[in-house]
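# Report on the structure
So you can see what is in the structure, the chains are spelled out below.
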Amino acid sequence: FRFVFGVLIMFGVSRFWYYNWIEELYIIPSFHFRFPGLDFIRILPGWLMHGLFIVMFGCGLAIAGNVYYRPACLLFFIAFT
């Protein structure tokens, strides 16, 4: 389960990078919907958004390789959320 979950994470992040969806869905749009009470949350600048996806890919690699499994799961949860 750990291996498959980690590979799926890496596959999903790779798809976002390969199809250029990071820019298309997060960086380029000038309007993003905000939820009531969470107006203080803003979208990250371009280079930080790419860094966030790199962190998620690294977490997927660590989860698949069973290296620092629990910290990687926690960091992936925070980055994905």
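This write-up is about the structure you can find in this document. (Residues numbered from 1 in each chain as written. Predicted model: local features only at pLDDT ≥ 70, side-chain atom pairs only at ≥ 80, totals over all residues. Heavy atoms only, no water.)

## Remarks on the overall build of the chain
In terms of helices and strands, the chain carries 4 helices and 0 strands. Overall size of the chain, expressed as C-alpha extent along the three principal axes, is 40 × 30 × 20 Å. The 81 residues of the chain split such that 22% are buried. By sequence separation, contacts in the chain at least 24 residues apart represent 56% of the contacts at least 6 residues apart. For the chain, the exposed area adds up to about 6,300 Å²; of that, 73% sits on carbon and sulfur atoms. (Helix = DSSP H or I, 4+ residues; strand = E, 2+ residues; numbered from the N terminus. Buried < 20%, exposed > 50% of the residue type's maximum accessible area, 1.4 Å probe, protein only. Contact = heavy atoms within 4.5 Å. Areas by Shrake-Rupley, 256 points an atom, 1.4 Å probe, with all protein chains shown as cover.)

## Re helix H1 (residues 2-18)
With 17 residues, H1 extends 24 Å between its outermost C-alpha atoms, agreeing within 8% with the 24 Å of an ideal straight helix rising 1.5 Å per residue. Within the sequence span of H1, burial applies to Gly 6, Ile 9, Met 10 and Val 13. With its buried residues spanning 95° around the axis, H1 presents them on a single face. Structural note: H1 exposes Leu 8, Phe 11 and Tyr 18 on the side pointing more than 90 degrees away from its buried face. (Expected span 1.5 Å × (residues − 1). Arc of directions from axis to C-beta.)

## A few points about the packing of H1 against helix H3 (residues 46-65)
For the pair H1 and H3, interaxial distance at closest approach is 7 Å and the crossing angle is 155°. Here H1 lies roughly antiparallel to H3, going by the angle between them. Considering how the two elements wind past one another, H1 and H3 form a crossing that is left-handed. Contacts from Arg 2, Phe 3, Phe 5, Gly 6, Val 7, Ile 9, Met 10, Val 13, Ser 14, Phe 16 and Trp 17 in H1 reach His 50, Phe 53, Ile 54, Met 56, Phe 57, Gly 60, Leu 61, Ile 63 and Ala 64 in H3. By residue class, the composition of the contact of H1 with H3 is 15 nonpolar, 4 polar and 1 charged. (Axes fitted to C-alpha atoms, helices over the stretch in contact; angles between N-to-C directions. Parallel < 35°, antiparallel > 145°, perpendicular 65-115°, else oblique. Left-handed = near helix turned anticlockwise from the far one by under 90°. Nonpolar A, V, L, I, M, F, W, Y, C, P; charged D, E, K, R; others polar.)

## A short note on the environment of Ser 30
Within the fold, Ser 30 resides in the loop between helix H2 (21-27) and H3. Sequence separation between Ser 30 and Asn 20 is 10 residues; the distance between their C-alpha atoms is 17 Å.

## A few points about the packing of H3 against helix H4 (residues 69-80)
Following both chains from N to C, one finds H3 and H4 inclined at 150°, their axes separated by 9 Å at the closest point. Considering the angle they form, H3 stands roughly antiparallel to H4. Regarding H3 and H4, the two cross each other, and that crossing is left-handed. Packed against H3, whose contacting residues are Leu 52, Val 55, Met 56, Cys 59, Ala 62 and Ile 63, the element H4 presents Tyr 69, Ala 72, Cys 73, Leu 75, Phe 76, Ala 79 and Phe 80 at the interface. Here the residues of the contact of H3 with H4 sort into 13 nonpolar, no polar and no charged.

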